[in-house]
Amino acid sequence: MIKIKILSVGKQKHSWLEEAIKEYEKRLTGAVQIEWLLYKSDDQLEANAIQEKRLICLDPRGIEYDSPQFSQFIQKELNQHGPRLTFIIGGALGLCEALKEKANHTISVSKLTFTHQLARLILVEQLYRSLEIAKNSPYHK
């Protein structure tokens, strides 16, 4: 089973976002276990994230992938480093330079700016999509 840890600031403020995230978690059941670690401040997020062995930072200046490329990236990470991935989503001010320097990868979900709540939904949907692409399912058209 793949274990994905997602670190972020804040909490879900909108029930519709929470419902959407839960839908993708449900779809991932059996293949992926997601652990959400939500912190109250950027300082708490950074203090905990810096302790992680491998980090994938989400940052607007990171590498942009289309969905098939993201799927290839995920598969490569899993094959080379095992079934554990850790993603970090920064708050309104983004991530500190120390975390970006420590990161094994820095990726962008878009050049557009999203709230961290919406970035969580986009990430979990793309994780689901990436696994479906790897299985050649019709989900990704």
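The preceding data block contains the structure.
The paragraphs below set out a description of the structure included in this document. (Residues numbered from 1 in each chain as written. Predicted model: local features only at pLDDT ≥ 70, side-chain atom pairs only at ≥ 80, totals over all residues. Heavy atoms only, no water.)

## Topic: the overall build of the protein
Okay, step 1: What the protein contains, in helices and strands, is 5 helices and 5 strands.
Okay, step 2: Starting at the N terminus and ending at the C terminus, the protein contains elements arranged as β-α-β-α-β-α-β-α-β-α.
Okay, step 3: For the protein, whose C-alpha radius of gyration is 14 Å, the value lies close to the compact-globule estimate of 14 Å for 141 residues.
Okay, step 4: For the protein, the spread of C-alpha atoms along the three principal axes comes to 40 × 35 × 30 Å.
Okay, step 5: Long-range contacts, defined as pairs at least 24 residues apart, comprise 86% of the intrachain contacts of the protein with a sequence gap of at least 6. (Helix = DSSP H or I, 4+ residues; strand = E, 2+ residues; numbered from the N terminus. Rg over C-alpha atoms; globule rule 2.2 N^0.38 Å. Contact = heavy atoms within 4.5 Å.)

## What to know about a nonpolar patch on the surface
Okay, step 1: On the surface, a nonpolar cluster with roughly 250 Å² of combined accessible area is contributed by Val 109, Leu 112 and Phe 114.
Okay, step 2: Along the chain, Val 109 turns up in the loop between β5 (105-108) and α5 (116-134). (Patch = residues over 30% accessible without salt bridge, like charges linked within 9 Å, V, L, I, M, F, W, Y side chains within 5 Å. Areas by Shrake-Rupley, 256 points an atom, 1.4 Å probe, with all protein chains shown as cover. Salt bridge = Lys/Arg side-chain N within 4 Å of Asp/Glu carboxyl O.)

## Let's talk about the pairing of strand β4 (residues 84-89)
Okay, step 1: The buried fraction of β4 amounts to 5 of the 6 residues, a majority that puts the element mostly inside the structure.
Okay, step 2: Bridge analysis of strand β1 (residues 2-9) against β4 gives 6 bridges, and the strand direction is parallel. Looking across to β4, one finds that Ile 6 is bridged to Phe 87.
Okay, step 3: One ladder, built from 3 bridges, connects strand β3 (residues 56-64) with β4; its direction is parallel. By the bridge assignment for β4, Cys 57 is matched with Ile 88. (Buried < 20%, exposed > 50% of the residue type's maximum accessible area, 1.4 Å probe, protein only. Pairing = 2+ DSSP bridges.)

Distances and angles like these do not, on their own, reveal function.
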